[in-house]
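Given next are the chains, with one letter for each unit.
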Amino acid sequence: MTAAATEATPAGRASRAASSATAPPRLRASGLTRRFGARVALDGLSFEVAPGEVFGLLGPNGAGKTTAFRLLSGVLPPDAGTLSLDGREVSPASPAYRARLGVVFQDPSLDLKLTARENLRLGAALYGLPRAVSEPRIAEALRVMDLGARADEATGKYSGGMRRRIEIARVLLHDPDLILLDEPGRGVDPDALRRIWDELAARKAARGTSLIVTTHQPEEAERCDRIALLDGGRVTATGTPDELRARVSGDVVRVRGDRPEELAETIRARLGLAGAVLDGDVVLEAPRGHEVVPRVVELFPPGRLASVATSRPTLADVFAKLTGKGLSS
Amino acid sequence: MTTAVVPEAVAAPGSAARGRSFAPSVVKALVGRDLRRFFRQPSRVVGSFAQPLILWLVLGAGLGGSFQPGANAGGSSVSYLQYFYPGVVVLTMLFTAIFSTISVIEDRHHGFLQAVLAAPATRTALVLGKTLGGVTIAVLQAAVLIALAPLAGFSLAAIDWPVLLGALVLAAVGFTALGFAMAWWIDSTQGYHAVMMVALIPLWMLSGAMFPPAAGGVMSALMAADPMTYVMSAARRGFHGAGLPAGLVPGASGAVDLAIVAAFALVAVAAAVALCRRRA
């Protein structure tokens, strides 16, 4: 973690942290807890994010991601727990803390009656940027997004991907130290998503901006430097994607077919391999997946199986192994 | 009132937001947004003027024969069209307040509100920004209706401007803040409309907008308890100026009316801020 911090802190931010080797984490969350009535949505969430690090909170719907996001963005007060920003404890509700965040919500938060330029101006004004500072940044953001021609059209006429990119541009205007993104891939086409990540990566490289991403998609979590797996409001494991993958020994074999419970039972009885049924597939863990595939195929009559495939474990497999649950459930 | 000052110790060096209050910039931005949205929807602009004017002509002409306000006071009598006109101006502001704060519910549903809540602005700045946006639109409308007041028999030269403008601005602040509080509390636009219509239209009817104050009885007590009565009273004093017919308005003086309306506005703003702080 400290290694990641040292690596990713660029010279541009060196003045902010006198020595990057001893720099405190950009954000430290300790014991964040939130209840809704009797239900504990988040139960003692703790993690650290280094300057310039992309940190992911990966978990299925209901794991507490959105609650965590709302607590971190200062919109919802925690019942317990603290936040430290660059080594200083902050109140998540304080304007001083929120001024240093850039928050990209899951649902679009543009005013669709206003144009792209007006939305950006409004965003800059909400963060107290004077016009002299914000206007050149807005012009630059519109140029980067190839929006010059449509900048004065109401954003209601834009595609979902374009709106999301304007939101990203909007949170970059006030040069936040920490950007929070809630399910950034949702409702965005792959091309727009790639451009969004390019823009964020550029900002991270140039300014040492840290990112916290909540997601239920393992592919999106792969973009993170480190990930916390979130299940039932608690962190199950934290690590780099490779560290987490190392928790699954060898390969993952996925067997697809009708009545997966029956398939799993047959495989267990005949091959001695215990598989879990996740999201409708039988998932087996094996040191050498390619050796298991033909043995599974031979167990069943032709047509009984839809497919058998082996692959490196994904973060979804890691999550399944640690929690016994699928990410899309 | 709003001090969203960033403590030097917490704000990052080099941060553009360092050591300044966000409130004025946020209030200005939110007011500007409401004005843009208002003028970008011509149906809203036309509707907000046409509705009260139609009401004035239809009700004023229809009821004109049966009401003789001011006649019982002896001397100068006031035609019903003239009597009703200040009530229509106040009603216009009421509608504007309702329509400008209903956007709070839409903003919540369309996601814009969360961007405002995540920004470093205080909740007080949010309430003031939304309220002053509505107030600006309402006052613009009132200005147009005042310019048309000679049609109802008023003389622009006779108008007591400080009292009239004071009454209308303070009333706009009160109604809009009240609308904000309601919109913050209620989650659907339909529910909001229902509550506002049920709660505010009777208050407006009781205010002396449609008929003159009753002398004694339950009706008189209800009217005295209605904050809108003092808005109407001050507005009438303003419209008639020195030529105010005797017995047309209740209350002691324009100053007392204005003080009561100011107190109502203050309570409404405080309630909106309190509600807004309590719930995300």
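Bear in mind the structure is a predicted one, so any value in this text is a computation, not a measurement.

Calculation criteria
- Residues numbered from 1 in each chain as written.
- Chains lettered and ligands numbered in written order.
- Predicted model: local features only at pLDDT ≥ 70, side-chain atom pairs only at ≥ 80, totals over all residues.
- Heavy atoms only, no water.
- Salt bridge = Lys/Arg side-chain N within 4 Å of Asp/Glu carboxyl O.
- Helix = DSSP H or I, 4+ residues; strand = E, 2+ residues; numbered from the N terminus.
- Buried < 20%, exposed > 50% of the residue type's maximum accessible area, 1.4 Å probe, protein only.
- Expected span 1.5 Å × (residues − 1).
- Contact = heavy atoms within 4.5 Å.
- Buried area = accessible area lost by both parts, 1.4 Å probe.
- Polar contact = N/O pair within 3.5 Å; in protein donor to acceptor, adjacent residues only side chain to side chain.
- Nonpolar A, V, L, I, M, F, W, Y, C, P; charged D, E, K, R; others polar.

S.K.: Can you walk me through the pattern of salt bridges in this structure?
M.R.: Here the idea is simple: oppositely charged side chains can pair when their charged atoms come close. Residue and element names in this part refer to chain A. Tallied over the entire structure, the rule returns 43 salt bridges over all chains. When the shortest N-O distance is used, the salt bridge between glutamate 53 and arginine 226 registers 2.6 Å. Of the two residues, glutamate 53 sits in the loop between strand 2 (39–49) and strand 3 (54–58) while arginine 226 sits in strand 9 (residues 226–231), which places them 173 residues apart along the sequence. The exposure class of arginine 226 is buried, given its relative accessible area of 8%. Residue aspartate 107 is joined to arginine 186 by a salt bridge in which the shortest nitrogen-to-oxygen separation is 3.3 Å. Note that aspartate 107 is positioned in the loop between strand 6 (101–104) and helix 4 (116–126) and arginine 186 in the loop between strand 7 (178–182) and helix 7 (190–207), a separation of 79 residues in sequence.

S.K.: I keep staring at helix 10 (residues 254–278) of chain B and nothing clicks. Help me out?
M.R.: Turn by turn, an α-helix covers 3.6 residues, leaving residues three or four places apart pointing in a common direction. Residues and elements named next belong to chain B. With 25 residues, helix 10 should cover 36 Å at 1.5 Å per step; its first-to-last C-alpha distance of 36 Å lies within 8% of that length. Within the sequence span of helix 10, burial applies to Gly254, Asp257, Leu258, Val261, Phe264, Ala265, Ala268, Val269, Ala272, Val273 and Cys276. Considering only its buried residues, helix 10 is in contact with helix 5 (123–147), helix 6 (161–185) and helix 9 (227–240).

S.K.: Before we go on, may I ask you to explain the interface of chain B and chain A in this structure?
M.R.: As a measure of interface size, the accessible area lost when the parts come together is often cited. Each partner contributes residues to the interface: chain B has 34 residues there, and chain A has 31 residues. With both sides pooled, the region where chain B packs onto chain A buries about 2900 Å², and carbon together with sulfur makes up 62% of that total. Here chain B is connected to chain A by ten residue pairs in polar contact (both at pLDDT 80 or more). Where the side of chain B that touches chain A is concerned, the elements lending two or more residues are helix 1 (23–39) and helix 4 (112–118) of chain B. Class assignment for the residues of the side of chain B that touches chain A results in 21 nonpolar, seven polar and six charged.

S.K.: What exactly am I supposed to notice about unusual backbone geometry here?
M.R.: The bulk of non-glycine residues show a negative phi, and the bulk of peptide bonds are trans. All names here are of chain A. The phi dihedral of glutamate 183 falls on the positive side, at around 45°, and the residue is not glycine. Residue placement: glutamate 183 occurs in the loop between strand 7 and helix 7. At arginine 259, a position not held by glycine, the phi torsion is positive, near 45°. Examined against the element boundaries, arginine 259 turns out to sit in the loop between strand 11 (251–257) and helix 10 (260–271). Given the relative accessible area of 47%, arginine 259 is considered partly exposed.

Honestly, it's all geometry; don't read function into it.
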